[in-house]
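# Structure at a glance
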Amino acid sequence: MPLSKHINPERLIRQSKDKKTHSHLTAASVNSLVHPYGARYGTDSLPKYHIPSKGITAETAYQLIHDELSTDGHPTLNLASFVSTWMPAPADKLMLENMSKNLIDQDEYPATQLIHTRCVSILADLWHAPSTKEAIGTATTGSSEAIQLGGLAMKRIWQERRKAAGKSIHEPGPNIVMGANAQVALEKFARYFEVECRLVPVSAEGKYSLDPKKAMEFVDENTIGVYVILGSTYTGHYEPVKEMADLLDEYERQTGHSVPIHVDGASGAFVAPFAQSKLLWDFRIPRVVSINTSGHKFGLAYVGVGWVVWRSKEYLPKDLIFELHYLGSVEYSFSLNFSRPAAPIIAQYFNFLHLGFEGYRAVALDDLKNARLLSRALERTGWYTVLSDIHRAKSDSTFDEEDSELVDRLLADIVEVTEDLVDRASSTHALDILGKGYHSRANVGRLDKDSGSQPSGTYAKPC
């Protein structure tokens with residue numbers, strides 16, 4: 001049985017502290033001492049659940065927090081972080097110079113707002129909007145917020161259409177269709193904004209992603225739209241946007257009900273334009289009304305920036321756009337958040353200028369090449385079946401197996417861990433079967449197990 005199940009270190013520390021004795025130093029003088037070995041917190045516990053009555057120097061506070069954070073993993077070694085963890089030094093400098101700017105204050109930071117507008121135009125052009133002047137979009141905190149905005153626009157258009165036809169918007173109410181492989185952000189939209197979530201079952205035959213023909217069984221006159229994912233979180237597959245659009249075109253011809261598509265391009269919208277330019281998935285398909293992506297994934301910016309773009313202003317209802325007058329000039333906002341750091345947007349623009357199309361294409365092709373190599377190597381161990389199809393590329397695809405140092409190291413680590421898991425006598429196998437440890441105040445502020453709602457069918461666990 002693991003020792004951690006029986007030991008509460010915080011309680012032991014409290015019980016083992018020295019008893020209070022008279023001291024030549026008063027409380028005030030103790031608090032005023034400054035030295036590089038921790039000062040007042042060299043022997044006293046750090047405040048964890050209440051604000052201390054007296055502060056410490058900035059340098060000491062920095063050192064204490066810096067040391068505590070040193071137990072975190074290193075971001076560059078985290079391959080499951082969902083965000084970029086490195087940018088060139090000049091980008092770091094730009095981020096630092098602009099970290100205090102608030103994007104919402106357009107009157108105070110007009111140059112920053114121009115950069116934001118340029119980024120939207122660049123993405124609209126990259127995704128083949130009919131007119132970059134007519135396209136409209138905004139930066140978001142990430143793809144989650146962008147997905148909410150795309151869904152809200154489709155819901156509002158559906159409501160306006162129902163009202164114009166004299167039909168109820170409440171009975172039976174709106175629904176949205178997506179594959180059961182959808183990332184939790186898509187399901188959050190449905191739950192938070194009271195839209196019925198219709199999850200299309202996925203299967204091995206359908207590559208664990210949306211099957212357009214099955215999806216049509218879930219579509220009706222109350223469907224506000226279909227979420228189609230370009231780059232599934234679980235396997236990386238591109239869902240067939242064109243096939244889904246063709247079926248919805250036929251459905252509209254037969255019923256008169258127009259059902260739009262929002263493409264969740266959190267990953268693929270920054271890959272497909274550079275690596276699969278002939279693939280039809282974007283605004284070249286008229287039924288695609290909006291696209292979102294993560295700037296902090298394959299957009300290669302630091303965490304904190306996503307994007308959503310509508311093919312034209314008619315697909316973003318005016319009552320979702322707020323007119324602001326209290327920051328100076330008249331400003332417009334159509335995001336869930338008000339204040340927003342400008343630095344990640346500036347980092348995104350840095351990448352556009354620094355990498356250009358050729359740079360992004362080179363990165364995308366290298367990523368795909370490494371994915372192919374790793375997938376093939378994993379399957380050749382005999383332990384794994386890789387669900388993605390990147391390594392099952394056409395015969396004319398080529399990749400350089402000589403340039404594989406990163407993949408070699410990663411594969412070696414995976415094989416080592418797998419061997420340990422297979423060996424029941426190993427410490428790694430023991431870690432795999434550990435149960436839940438003790439409850440302590442370390443869990444303050446966290447949700448307990450089973451405190452969230454039950455999953456609705458997606459692979460994502462409830463929040």
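Everything below is about the structure shown above.
Because the structure is a prediction, the values reported are computed rather than measured.

Thresholds applied
- Residues numbered from 1 in each chain as written.
- Predicted model: local features only at pLDDT ≥ 70, side-chain atom pairs only at ≥ 80, totals over all residues.
- Heavy atoms only, no water.
- Helix = DSSP H or I, 4+ residues; strand = E, 2+ residues; numbered from the N terminus.
- Buried < 20%, exposed > 50% of the residue type's maximum accessible area, 1.4 Å probe, protein only.
- Contact = heavy atoms within 4.5 Å.
- Axes fitted to C-alpha atoms, helices over the stretch in contact; angles between N-to-C directions.
- Parallel < 35°, antiparallel > 145°, perpendicular 65-115°, else oblique.
- Left-handed = near helix turned anticlockwise from the far one by under 90°.
- Nonpolar A, V, L, I, M, F, W, Y, C, P; charged D, E, K, R; others polar.
- Pairing = 2+ DSSP bridges.
- Core = buried A, V, L, I, M, F, W, Y, C linked by side-chain atoms within 4.5 Å.
- Right-handed = clockwise from strand over helix to strand, strands pointing away.
- Phe/Tyr/Trp six-rings, centres within 6.5 Å; stacked < 30°, edge-to-face > 60°.
- Expected span 1.5 Å × (residues − 1).
- Arc of directions from axis to C-beta.
- Salt bridge = Lys/Arg side-chain N within 4 Å of Asp/Glu carboxyl O.

With that settled, consider the overall build of the protein. Within the protein, the regular secondary structure consists of 13 helices and nine strands. Burial status across the protein gives 40% buried among its 463 residues. Sequence-distant contacts, at least 24 apart, represent 69% of the contacts inside the protein between residues at least 6 apart.

Cis peptide bonds are those with omega within 30 degrees of zero, and the linkage from Glu171 to Pro172 qualifies with 0°. Structurally, the position occupied by Pro172 is in the loop between α6 (143-164) and β2 (175-179). Positive phi, normally seen in glycine, also occurs at Leu300, with a value near 70°. Counting through the fold element by element, Leu300 comes out in the loop between β6 (288-294) and β7 (306-310).

So, on to the packing of helix α4 (residues 89-97) against helix α11 (residues 343-380). Between α4 and α11, whose axes approach to 9 Å, the crossing angle comes to 150°. On the basis of their axis angle, the class for α4 and α11 is roughly antiparallel. Between α4 and α11 lies a crossing of right-handed hand. Residues Pro90, Ala91, Leu94 and Met95 of α4 form the contact with α11, whose own contacting residues are Ala343, Pro344, Ile346, Ala347 and Phe350. Of the residues that constitute the contact of α4 with α11, the class distribution is nine nonpolar, no polar and no charged.

Here we take up the sheet that holds strand β5 (residues 261-264). With respect to topology, seven strands assemble into an open sheet ordered β1-β7-β6-β5-β4-β2-β3, the strand pairing being mixed. Each edge of the open sheet carries a strand with a single partner, namely β1 (136-140) and β3 (196-200). Shown here is a sheet whose adjacent strand axes are inclined to one another by a mean of 20°, direction ignored. Where β1 lies against β7, five bridges are found, and the strand directions are antiparallel.

What follows deals with the nonpolar core. Grouped together as the largest cluster of nonpolar side chains are 58 residues, with contacts concentrated most on Trp127, Val226, Met244, Ile261 and Trp281. Counting residues per element, this core draws most heavily on α11, at 10 residues. Residue contacts for Ile261: discarding those within four places in its chain leaves Met154, Val226, Val228, Val241, Met244, Ala245, Leu248, Arg287, Val288, Val289 and Ser290. Core analysis: the next-biggest nonpolar cluster, separate from the first, contains 29 residues, Leu152, Ala185, Phe189 and Leu316 among them.

Moving on: the pairing of β2. The element β2 is extensively covered by neighbouring structure, given that five of its five residues are classed as buried. Relative to β3, β2 runs parallel, the two being bridged by five bridges. Note on β3: the bridge partner recorded for Gly179 is Val200. Remark: the β2/helix α7 (residues 184-192)/β3 crossover connection has right-handed handedness. In the sheet, β2 pairs with strand β4 (residues 223-229) via three bridges, with the strands oriented parallel. Of the residues in β4, the one forming a bridge with Ile176 is Gly225.

Quick look at the packing of aromatic side chains now. On inspection of all chains with the given rule, the structure shows nine aromatic pairs. Between Phe189 and Tyr227, the aromatic rings sit 6.1 Å apart at their centres with planes inclined by 75°, giving edge-to-face as the arrangement. Placement of the pair is Phe189 in helix α7 and Tyr227 in strand β4, with a sequence separation of 38 residues. Among the residues examined, Phe189 registers a relative accessible area of 0% and is labelled buried. Of the residues examined, Tyr227 reaches a relative accessible area of 1% and is grouped as buried. Summarising the aromatic geometry, the rings of Phe274 and Tyr360 are spaced 5.1 Å apart at their centres and angled 15° between planes, so their arrangement reads as stacked. Linking Phe274 in helix α10 (residues 272-275) with Tyr360 in helix α11, this pair joins segments that are 86 residues apart in sequence. Considered together, Phe274 and Tyr360 belong to a single accessibility category, that of buried residues. Within the aromatic cluster, the residues linked to one another by ring pairs are Phe270, Phe274, Phe352, Phe357 and Tyr360.

Moving on, we come to helix α9 (residues 241-255). Compared with an ideal rise of 1.5 Å per residue, which puts 15 residues at 21 Å, α9 spans 21 Å between its outermost C-alpha atoms and is within 8% of the ideal. By the burial criterion, the buried members of α9 are Val241, Met244, Ala245, Leu248 and Tyr251. Looking down the long axis of α9, one finds its buried residues gathered within 120° of arc, a one-sided arrangement. Along α9, exposed side chains directed more than 90 degrees from the buried face belong to Arg253 and Gln254. Where α9 is buried, its residues contact α8 (212-215), β4, β5 and β6. Gly256, located one to two residues past α9, shows a positive phi value of around 85°.

Interhelical geometry of helix α5 (residues 110-126) versus α11 gives an angle of 50° and a closest axis separation of 9 Å. On the basis of their axis angle, the class for α5 and α11 is oblique. In this structure, α5 meets α11 at a crossing whose hand is left-handed. Contacts from Thr112, Ile115, His116, Arg118, Cys119, Ile122, Leu123 and Leu126 in α5 reach Ile345, Ile346, Gln348, Tyr349, Phe352 and Phe357 in α11.

A few words on the pattern of salt bridges. Evaluated as defined, the whole model comprises 16 salt bridges. With a shortest N-O distance of 3.0 Å, Asp246 and Lys242 are connected by a salt bridge. Taken as a pair, Asp246 and Lys242 lie in helix α9 at a separation of four residues, close to a single helical turn. Given the relative accessible area of 36%, Asp246 is considered partly exposed.

Turning our eyes to something else, we now look at the pairing of β7. Within β7, five of the five residues are buried, which leaves the element mostly enclosed by the surrounding structure. Both faces of β7 are covered, namely the face carrying Gly306, Val308 and Trp310 and the face carrying Trp307 and Val309. The pairing of β6 with β7 spans five bridges and is antiparallel. Note that in β7 the partner of Thr293 across the bridge is Trp307.

Everything listed here is a matter of coordinates, which is why it stays silent on function.
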